[in-house]
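Examination of the molecular architecture
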Amino acid sequence: MKISLFITCLVDQLCPQVGKATVEVLRRAGCEVVFDERQTCCGQPAFNTGYRTEARKFAKRFIEIFEESDADFIVSPSGSCTAMVKHFDELFAEDENWRSRAARIAAKTYEFSAFLVNVLKIEDTNASFSGKLTWHDACHGLRDLNVRDEPRKLLKNVRNAEFVELKNADVCCGFGGTFAVKYPEISVAILDNKIAEIEKSGADAVVACDASCLMQIGGRLSRLGSKAKPMHIAEILAAQE
Amino acid sequence: MEHLTAETFDQNARAALADTQLRGALKNLAVTFGERRQAAIATVENWEDLRERARSIKDETLAHLDKYLTDFADNAEKAGAQIHWARDGREACAIVLELLKERDATKIVKSKSMATEEIHLNAALEKTGIDPVETDLGEWIIQLAGETPSHIVVPAIHKTKGQIADLFVEKVGIEKSDDVDVLTKTARRILRTRFAEAEVGISGVNFGVAETGTILILENEGNIRLTTSLPKTHIALMGIEKVVPRFTDLDVFLKLLPRSGTGQRLTTYQSLITGTKRNATDEGPAEVHIILMDNGRSRMLAHPTTRQSLACIRCGACLNACPVYQQIGGHAYGSVYPGPIGAVITPQLVGIGKTKQLPFASSLCGACREVCPVKIDIPELLLHLRAEIAEGVTETSTHKFSEKLAFGFYSFAWSRPEFYKLGTKISRLLQKFVAKDGKIGKTSGFLAKLAPPLGAWTAWRDAPTVAPKSFREIWKSDLENK
């Protein structure tokens, strides 16, 4: 099975170790993995801030690049960027051709943990990680893609790790893209509820499927000097500690 | 109290976050209403089917709104009600004032109605020397305090018990007590005399049935029953989107609304009013006036995306579920309708010019869409309005130039791999001046001014740095041919 990686700009630039772990897990599962270096950003920041002309440009570019690939699936270590690909068709309300091209690309694009469980039918990646883990449901993964049970199944099968359910795991972390800097005080007020629950859980690592939420949660954990570390699910599933 | 405006949403929100009494009052909102709602929806087997059914009823109604409205008006008139049409809030207020004047009525009781809040009816009445009495306990409290509702269903949710106790001492002259029973009995004693002397009762409407001309109003305190049955004249203000085609449709909405709003299986009272009393010796008002009000609604109807805004049944579930509302409460929105649905309908009702912060006051988490009993895609509507604002479809050419410039630059550079890679390199160079131990701490002064988003981010959160080797570089060197 051939996978074309949609690595996302955040992972590419800020946390490349997540991309590396994604490749490792997929290869271990027997997939052939390719990466098209022309890819940059899906345009989500523009779309979510109302700049549809700009977002359309990114969407067309993305569709053209990934249409050329003969890969069976497009897999991304991000719920919100995957959700953006699923939103592409809304950008072409008046353009039947682009709309159907967008829909075809969206149909083969998967968030990483959902792809493992629902397509590859893998719930145990033979990972091993010593420590207490908890899961934060990133909003777009949860509510746009309906990814809820998949990551939990995967994390519960990690050797040496103890999984604890986070209270209010499905409540937003307050990131929301440009919202986090347009209204930083509200964003952080929401975030601090999340931080309090993470501390209460006693987890060594708070795991999520989105680099953006992890940047928000991790940025506050770091500022407050917490022992809990933000980790992407790919990093946990690739771990062989 | 000074009323906040949507124009200063950012300042209002900051003030709300610093208000410890308000945060205390809001603290249990999510838990209390969230859990009650969960328990209540668990008592129906087919919740998702009900939501689907409700939405399809609303869609059907909105697609043929002209027909259902005229049916409603005809049937209500056949039952003895009088129908008035109001294009906007000013016309609706004028109709009410004229009806009061004709009857020489000055003693008015009112039941809770967001539509009357929307048109600022109380202010219009007060200008002519009439002091209408709010008879819903929460509404009465905020009327005493000179405030506006901060929640669609629970108007005084922002007030603590202590604040209400103080208010009663000051305005009603009772001895201080924070015993809820004492406070409610005091309110009841005073309001009962107001009911007894009232000449006209003014209410809102939850649903209007086209095939019978019936209106349905839901409540828990019995004050609506009194408002609509005791005075000789009843005036009901109804938004044109409140109509449903059939009487049996009410079954669906009666299951959805109380469960979503207050987590009740049913409200304590459901008043179904079909016209006036049939015989002179019957009890009930001799006159029923129903004012059908547009006030910006037909604008929402015109666009296929915004049309769903009119499906709202004002249950308040999206407010309770919203992480932003949970932190700042309703007044910060500076609009009659707060929270996620308020951020969507306010710009459509009053125009986007003075309300353009509201569609951005959301993290787009989607909790509102998840709880909405009529499946309104609020994030989709927020995005639609954001696009109208950012792309200047409406009168908002003043939208931040710096932001437009930034997004223009981003779309130019980041859609070209060579510029994108150059950007990575430049970031690596620049961050050397601010990064320490692989992260960027608090950034202030000149630097924060130079890059406002970085300043806003790092005031509370450390920022990550661009990695020494990007994924695409690692791919080339370590992964591609392995």
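Residues numbered from 1 in each chain as written. Chains lettered and ligands numbered in written order. Predicted model: local features only at pLDDT ≥ 70, side-chain atom pairs only at ≥ 80, totals over all residues. Heavy atoms only, no water.

Another aspect to go through is the overall build of chain A. Within chain A, the secondary structure is distributed over 13 helices and 8 strands. Against the 2.2 N^0.38 benchmark of 18 Å for 241 residues, chain A shows a C-alpha radius of gyration of 17 Å, consistent with a compact globule. Counting only C-alpha atoms and orienting by the principal axes, one finds that chain A spans roughly 50 × 45 × 25 Å. Classification of the 241 residues of chain A by burial places 64% in the buried group. Considering only intrachain contacts with a sequence separation of at least 6, the fraction spanning at least 24 residues in chain A is 79%. Looking at chain A as shown, the accessible area adds up to about 8,300 Å², and 48% of this sits on carbon and sulfur atoms. Looking at charge distribution, chain A has the averaged site of its 31 positive side-chain charges lying 2 Å from that of its 34 negative ones. (Helix = DSSP H or I, 4+ residues; strand = E, 2+ residues; numbered from the N terminus. Rg over C-alpha atoms; globule rule 2.2 N^0.38 Å. Buried < 20%, exposed > 50% of the residue type's maximum accessible area, 1.4 Å probe, protein only. Contact = heavy atoms within 4.5 Å. Areas by Shrake-Rupley, 256 points an atom, 1.4 Å probe, with all protein chains shown as cover. Lys, Arg positive; Asp, Glu negative; His and termini not counted. Charge placed at Lys NZ, Arg CZ, Asp CG, Glu CD.)

Let us now look at the sheet that holds strand β5 (residues 128–135) of chain A. Residue and element names in this part refer to chain A. Reading across the sheet, the 4 strands line up as β6-β5-β7-β8 and stay open at both edges, with parallel pairing between neighbours. Every interior strand has two partners, whereas the edge strands, β6 (159–164) and β8 (229–232), have only one. For this sheet, the mean inter-axis angle between neighbouring strands, taken without regard to orientation, is 35°. Examined bridge by bridge, strand β7 (residues 205–208) and β8 share 4 bridges and lie parallel to one another. (Pairing = 2+ DSSP bridges. Axes fitted to C-alpha atoms, helices over the stretch in contact; angles between N-to-C directions.)

This part takes up helix α6 (residues 96–107) of chain A. Residue and element names in this part refer to chain A. In a regular helix each residue adds 1.5 Å, so 12 residues correspond to 16 Å; α6 covers 16 Å between its end C-alpha atoms and thus fits that length. Listed as buried for α6 are W98, R101, A102, I105 and A106. For α6, the arc enclosing every buried residue in end-on projection is 135°, short of the 170-degree limit, so these residues lie on one face. Exposed positions of α6 whose direction lies more than 90 degrees from the buried face are E96, R104 and A107. Summarising the contacts, the buried residues of α6 are in contact with α4 (52–67), β3 (73–76), α5 (79–87) and β4 (109–111). (Expected span 1.5 Å × (residues − 1). Arc of directions from axis to C-beta.)

A separate point is the pairing of strand β1 (residues 2–5) of chain A. As a general feature of sheets, a regular strand has side chains that alternate between the two faces. Residue and element names in this part refer to chain A. Of the two faces of β1, the one carrying K2 and S4 and the one carrying I3 and L5 are both buried. The pairing of β1 with strand β2 (residues 32–35) spans 4 bridges and is classified as parallel. The residue bridging I3 from the neighbouring strand is V33, located in β2. Two strands pair when backbone bridges link them, and β1 and β3 are joined in this way by 3 bridges, in the parallel orientation. Residue pairing for β3: L5 is matched across the bridge by V75.

Think of a pair of aromatic rings as described by two things: how far the centres are apart, and how the planes are tilted against each other in angle. Under the criterion given, the structure shown has 24 aromatic pairs over all chains. Relative to W475 of chain B, the ring of F471 of chain B has its centre 6.2 Å away and its plane inclined at 40°; by these criteria the two rings are tilted. Of this pair, F471 of chain B and W475 of chain B both sit in helix α24 (residues 471–479), 4 residues apart, roughly one helical turn. Look at F471 of chain B and you get buried, because its relative accessible area is 0%. Classification of W475 of chain B as buried rests on a relative accessible area of 2%. Site record: aromatic cluster; members linked through ring pairs are Y51 and F58 of chain A together with F407, Y410, W414 and Y420 of chain B. (Phe/Tyr/Trp six-rings, centres within 6.5 Å; stacked < 30°, edge-to-face > 60°.)

Frequently, the measure chosen for interface size is the accessible area that the parts lose on association. Residue and element names in this part refer to chain A. Annotation of chain A at the domain level lists domain 1 (2–117) and domain 2 (124–238). For domain 1 and domain 2, the distance between their C-alpha centres works out to 22 Å. With 28 residues of domain 1 at the contact, the number on the domain 2 side is 23 residues. Both faces considered, domain 1 and domain 2 share a buried interface measuring about 1,900 Å² in area, 71% of it formed by carbon and sulfur atoms. When the buried area of domain 1 at its contact with domain 2 is split by residue, R28, S113 and V117 rank highest and sum to 21% of it. Summed over the shared surface of domain 1 and domain 2, the number is 8 residue pairs in polar contact (both at pLDDT 80 or more). (Domains from an automatic or database assignment. Buried area = accessible area lost by both parts, 1.4 Å probe. Polar contact = N/O pair within 3.5 Å; in protein donor to acceptor, adjacent residues only side chain to side chain.)

Attention now moves to the pattern of salt bridges. A complete count under the given rule lists 43 salt bridges over all chains for this structure. The partner of K476 of chain B in a salt bridge is E37 of chain A, and the shortest N-O contact between them spans 2.9 Å. Here K476 of chain B is found in helix α24, whereas its partner E37 of chain A is found in the loop between β2 and α3 (44–49) on a different chain. According to the relative accessible area criterion, K476 of chain B is partly exposed, its value standing at 48%. Assessed through its relative accessible area of 25%, E37 of chain A is described here as partly exposed. The closest approach of N and O atoms between E102 of chain B and R103 of chain B, which form a salt bridge, is 3.1 Å. Classification of E102 of chain B as exposed rests on a relative accessible area of 52%. (Salt bridge = Lys/Arg side-chain N within 4 Å of Asp/Glu carboxyl O.)

All right, on to the interface of chain B and chain A then. With 67 residues of chain B in contact, the opposing surface of chain A contributes 64 residues. Interface of chain B and chain A: buried area, both sides summed, is about 5,800 Å²; carbon and sulfur atoms make up 59% of it. Counting the contacts that link chain B with chain A gives 7 salt bridges. Across the pair R369 of chain B and D144 of chain A runs a salt bridge whose closest N-O atoms are separated by 2.8 Å. Across the chain B-chain A interface, the total number found is 37 residue pairs in polar contact (both at pLDDT 80 or more). No other element matches helix α20 (residues 401–413) of chain B, which puts 7 residues into the side of chain B that touches chain A. Of the residues contributing to the side of chain B that touches chain A, the split by class is 33 nonpolar, 15 polar and 19 charged. (Nonpolar A, V, L, I, M, F, W, Y, C, P; charged D, E, K, R; others polar.)

Before going further, it helps to spend a moment on the nonpolar core. With 122 residues, the main nonpolar core has F88 and I186 of chain A together with I290 and I328 of chain B as its most contacted residues. Non-local contacts of I186 of chain A, meaning those with residues more than four positions away in its chain, are made with F179 of chain A together with F9, A13, L17, V324 and I328 of chain B. Counting residues in each nonpolar core, the second largest holds 62 residues, with L155 and A228 of chain A together with A463 and F471 of chain B among its members. (Core = buried A, V, L, I, M, F, W, Y, C linked by side-chain atoms within 4.5 Å.)

Another point: the environment of P45 of chain A. Here P45 of chain A lies in helix α3. For P45 of chain A, a relative accessible area of 36% puts it in the partly exposed group. Along the primary structure P45 of chain A and L5 of chain A are separated by 40 residues, whereas in three dimensions their C-alpha atoms are 20 Å apart. In this view, P45 of chain A contacts F407 and Y410 of chain B; residues no more than four positions away in its chain are not counted.

This part is about the sheet that holds strand β3 (residues 133–134) of chain B. Residues and elements named next belong to chain B. Strand order in the open sheet formed by 6 strands is β1-β10-β7-β4-β2-β3, with parallel pairing between adjacent strands. In this open sheet, the two strands that pair with only one neighbour each are β1 (82–86) and β3. Both strand β7 (residues 233–239) and strand β10 (residues 287–293) contribute to a ladder of 7 bridges, which runs parallel. In the sheet register, I235 faces β10, and the bridge partner there is H289. Sheet contacts for helix α6 (residues 89–102): β1, β2 (108–110), β4 (200–203), β7 and β10; angle to β1, the most-contacted strand, approximately 145°.

Once that is clear, we can look at the domain arrangement of chain B. Parsing chain B into structural domains produces domain 1 (1–43 + 314–399), domain 2 (47–295) and domain 3 (417–479). Taking only C-alpha atoms, the centre of domain 2 of chain B and the centre of domain 3 of chain B are 56 Å apart.

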